[in-house]
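Structural description and commentary
Residue strings, one per chain:
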Amino acid sequence: VYKRQALDRIAVQEGFQNWSHLAKRDAATGRAARLLAQLDPGDLVLIGARPGEGKTVLALEILAEAAAAGQGASFLTLEYSGETLRDLLAETGLEGRAIKVDTSDGICAGHIVETHAAAPTGGVIVIDYLQRLCERRSTPDLDSQLATLKAFAQARGQTIICLSQIDRRFDGAGLN
């Protein structure tokens, strides 16, 4: 009883009727909206997980939230073809959103800077997958591309989210 009363007092202090009202509103706000709210223009973010854990779907949900808020939303992928990506958007209920999609083979930091040079401040760009940016011999190494992307994000007020595939064999043992 005391715990519930304490939680209700906290909720009222935050402008809610009671704890249940606060919890209901929080549940209505999805994880993508909560994550997007924590990002600032100029951020360079890494989302890494093993295959099949939902990195791409989460990134698309974040982009859908950004588009709904009137921000630019771009998804650049070297992983998916246009058709496969359209299927994924349909499966997740995100088709028809104002998300700019680029599935060209030339995706690298230079391409991203060039294609987003005139993008308005506050946009969100997702790169799927980070490791694939340096697969071609003609592109700079990954460190150089990340430095370019970070400088661009800060100069243009863009948030860049890089997805990264973590090998299934990695278990984190021995990390402190």
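Structure report, in brief. (Residues numbered from 1 in each chain as written. Predicted model: local features only at pLDDT ≥ 70, side-chain atom pairs only at ≥ 80, totals over all residues. Heavy atoms only, no water.)

Digging into the sheet that holds strand β4 (residues 124–128)
One open sheet holds the five strands; their spatial order is β1-β5-β4-β2-β3, and the pairing between them is parallel. Strand pairing shows two members of the sheet lacking a second neighbour, β1 (44–49) and β3 (100–102), which therefore form its edges. Taking each pair of neighbouring strands and ignoring which way they run, the sheet shows an average axis angle of 15 degrees. In terms of strand pairing, β4 meets strand β5 (residues 159–165) through five bridges, oriented parallel. (Pairing = 2+ DSSP bridges. Helix = DSSP H or I, 4+ residues; strand = E, 2+ residues; numbered from the N terminus. Axes fitted to C-alpha atoms, helices over the stretch in contact; angles between N-to-C directions.)

Brief notes about the nonpolar core
Judged by nonpolar contacts, the single largest core of 24 residues is most densely connected at L60, I62, L63 and I161. If you list the elements that add at least two residues to this core, you get α3 (31–38), α4 (55–68), β2 (73–77), α5 (82–91), β4 and β5. At eight residues, the largest contribution of residues to this core is made by α4. When residues no more than four places from it in sequence are discounted, the contact partners of L63 are A73, S74, F75, I99, V124 and V126. (Core = buried A, V, L, I, M, F, W, Y, C linked by side-chain atoms within 4.5 Å. Buried < 20%, exposed > 50% of the residue type's maximum accessible area, 1.4 Å probe, protein only. Contact = heavy atoms within 4.5 Å.)

So, the pairing of β5
Most of β5 sits out of view: six of its seven residues are buried. Where β1 lies against β5, six bridges are found, and the strand directions are parallel. Bridging from a neighbouring strand, V45 pairs with I161 of β5. You can see the chain leave β4, run along helix α7 (residues 142–156) and come back into β5, and the turn it takes is right-handed. (Right-handed = clockwise from strand over helix to strand, strands pointing away.)

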